Amino acid sequence: MIALTAALALTVTLTPSPAEAGSTSGPNAVVTWNLNAQNEIYEVARQSPATAARSFAMVQGAVYDAVNAVTGVRYQPYLTAPKVRHGASADAAVAAAASDVLLALFPEQAATVQAQYDTALAAIPAGRARVAGVAAGKQAAAAMIAARTGDGAFDPDSWNVSTEPGQWRPTPPTNVQDGAWFADLTPFVLPDSGMFRTAGPPALSSAAYAKDLDEVKAIGGVNSTVRTPDQTESAKWWHDRRLTEWAMKRQLAQTQHLSTLQTARMFAMIDIVNVDALIACYNEKKYWNFWRPVTAVQEAGRDGNPATEADPAWMPLLVTPPFPDYTSGHTCSFSALTLTWQRFFGRDDIAMSAYSSDSGTTRSFPSFSSALAEVVEARIWGGVHFRTADEQGVKIGTGTARYVLAREFRPLH
């Protein structure tokens, strides 16, 4: 992991300016509405991690543009900078931006979103400040909704199912496929979702491939005798569909005492970098269409590599996601988050933790890079990815983050 950590070296610091340092006096509206968004996106709609990434990016991008506008446009807007009356309420802007995007995404949840909005507005004194904040939020939301209309989300598409050695097919126990449309989703910032194309997975006949397969076969199996209890816990913790990263993001806003603007900016950076990293990753999955470890181990007798041995009964610790292996979505995503946090805070050594209901445990990390190092291993411990897929995913994630952060969310003064 030394090389992977080195790849995340800080080169540009996007630390908040002294002018915006300090927290708000009450509950952070951006954090509150991020929790509301999680309720709609995951707790009710149960969107997959990739689909949820698009939804969160839309919400937080609109919230950022709204808050940035009402606090004086200190940073590059993502889409728009509505003209706002001086003194407009940032909390009202957050509520209007988030609720309008959520209503567009989940019209069937209108009653819940409206109740959340009414509660938020009731806590803000009536008057010009509230009216102006709402107007800014609505304009930011409208810009986001328009920008993502026709972006390819949920278009009918399917993965290339194949019975050839090395090629992907649905995996047990579900034997389904999902999310192929995400590979061709229009990115939020990247000009081309294939711009970080890698050289691909190792050739089936190579020693590198045999090494990858033997490793995941030994430590990633449901009945592995070499995986430790802590590694098992880690694999389950990172696999939780209620992503622990969501809680980490909110925790960082609170422990680092971020203001409303700082929080809005950090959340937008994280979620927009994340969704583009995942789009690039899924594009890679579609391009290479590489089989998952469960298929590779069970059908090793067909891979043409004398150094591999089939085990038709082998199953991974975790349920394999319903799309190809290469590259790992989780390492694409978390490496993008890692670099973004490093750039935003100007340091790596900030502690964070989160609870997973899947593992029933809380895991803690002393730094962003230590969490990334663990997720690379955890996907192998869970038996759902080859090491090469994880390590190449880190390259895609960090490449995406560098590209986006060099062009968006930068200070204007």
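Please refer to the structure placed before this passage.
Here is what the cut-offs are and how they apply
Residues numbered from 1 in each chain as written. Predicted model: local features only at pLDDT ≥ 70, side-chain atom pairs only at ≥ 80, totals over all residues. Heavy atoms only, no water. Helix = DSSP H or I, 4+ residues; strand = E, 2+ residues; numbered from the N terminus. Expected span 1.5 Å × (residues − 1). Buried < 20%, exposed > 50% of the residue type's maximum accessible area, 1.4 Å probe, protein only. Contact = heavy atoms within 4.5 Å. Salt bridge = Lys/Arg side-chain N within 4 Å of Asp/Glu carboxyl O. Core = buried A, V, L, I, M, F, W, Y, C linked by side-chain atoms within 4.5 Å. 1 Å grid on protein atoms, 1.4 Å probe; cavity = no way out; pocket = protein on both sides within 12 Å on 5 of 7 lines; lining within 4 Å. Points joined across faces, edges and corners; volume = space filled by probe spheres on them. Nonpolar A, V, L, I, M, F, W, Y, C, P; charged D, E, K, R; others polar. Phe/Tyr/Trp six-rings, centres within 6.5 Å; stacked < 30°, edge-to-face > 60°. Lys NZ or Arg CZ within 6 Å of the ring centre and 35° of its normal.

Sorry if this is basic, but what is going on with helix α7 (residues 207–219) here?
Three- or four-residue spacings in an α-helix give side chains the same orientation, since the helix completes a turn every 3.6 residues. A rise of 1.5 Å per residue sets the reference length of α7, with its 13 residues, at 18 Å; its end C-alpha atoms lie 18 Å apart and thus fit the reference within 8%. Within α7 the residues assigned to the buried category are Y209, A210, D212, L213, V216 and I219. Buried residues belonging to α7 abut α8 (229–239), α11 (293–298), α13 (368–381) and α14 (387–405).

Any chance you could explain the pattern of salt bridges here in plain terms?
Pairing of side chains with opposite charge becomes possible as their charged atoms draw close. Per the stated rule, a full pass over the model turns up 17 salt bridges. Among the ionic pairs, D151 bridges to R148, the shortest N-O distance being 2.9 Å. The class of D151 is buried, set by a relative accessible area of 5%. Salt bridges here are not isolated pairs; linked through shared partners, they connect E215, E377, R387 and E391.

When you look at helix α5 (residues 110–122) in this model, what are you seeing that I'm missing?
For α5, spanning 13 residues, the distance from its first C-alpha to its last is 18 Å, which sits close to the expected 18 Å at 1.5 Å a residue. Check the buried side of α5 and you find it contacts α2 (29–44), α4 (90–105) and α6 (128–148).

Help me out: how do you make sense of the environment of W237 in this one?
Considering the arrangement of structural elements, one finds W237 in helix α8. The class of W237 is buried, set by a relative accessible area of 0%. As for W237 and S206, which are separated by 31 residues in sequence, their C-alpha atoms are 32 Å apart. Filtering out sequence-adjacent residues up to four positions away, W237 remains in contact with T244, M248, A354, Y355, S356, S359, T361, T362, R363 and F365.

What's the story with the nonpolar core in this structure? I'm lost.
Burial of nonpolar side chains together is a common tendency in soluble globular proteins. Grouped together as the largest cluster of nonpolar side chains are 126 residues, with contacts concentrated most on M266, F334 and W341. Apart from the residues lying within four places of it in its own chain, the contact partners of F334 are W238, E245, M248, W341, M352, F368, A371, L372 and V375.

Looking at this model, I keep getting lost on empty space enclosed by the protein. Mind explaining?
Take a probe with the size of a water molecule and roll it over the atoms, and the empty space left behind shows itself. Counted according to the given criterion, the structure contains one cavity of 30 Å³ or more. Space inside the largest cavity adds up to approximately 30 Å³. Lining of the largest cavity is provided by P201, P202, Y209, D212, F290, D325, Y326, F386, T388 and A389. Only α7 and α14 provide two or more residues apiece to the lining of the largest cavity. Of the residues belonging to the lining of the largest cavity, the class tally is seven nonpolar, one polar and two charged.

Looking at this structure, I do not really get the packing of aromatic side chains. What am I missing?
For any pair of aromatic rings, the description rests on two quantities: the centre-to-centre distance and the angle between the ring planes. On inspection of all chains with the given rule, the structure shows 23 aromatic pairs. An angle of 65° between the planes, with centres 5.4 Å apart, marks the rings of W181 and F182 as edge-to-face. Summarising the burial analysis for this pair, W181 and F182 share the class buried. By the ring-pair criterion, three or more aromatic residues cluster together here, those being W237, W238, F334, W341, F344, F345, F365 and F368. A cation over an aromatic ring shows up here: R148 above the ring of F188, its NZ or CZ 3.7 Å from the ring centre. Over the aromatic face of Y403 sits the side chain of R407, whose NZ or CZ is 3.6 Å from the ring centroid.

What am I meant to see in the layout of surface pockets here?
In this model, the largest pocket occupies a volume close to 660 Å³. Taken together, 38 residues line the largest pocket, and the ones lying closest to its centre are S48, P49, A50, R241 and F323. Among the elements of the structure, α3 (49–70), α9 (244–255), α10 (260–288) and α12 (329–345) are those that each provide at least two residues to the lining of the largest pocket. Taken together, the residues of the lining of the largest pocket break down into 18 nonpolar, 11 polar and nine charged. Residue lining of the second largest pocket: 14 residues in total, with A29, T32, D91, A120 and A123 positioned closest to the centre. Put simply, the parts of the chain that give the lining of the second largest pocket at least two residues each are α2, α4 and α5. Element by element, the count of residues in the lining of the second largest pocket is highest for α2, at four residues.

Any link to function would need more than the numbers given here.
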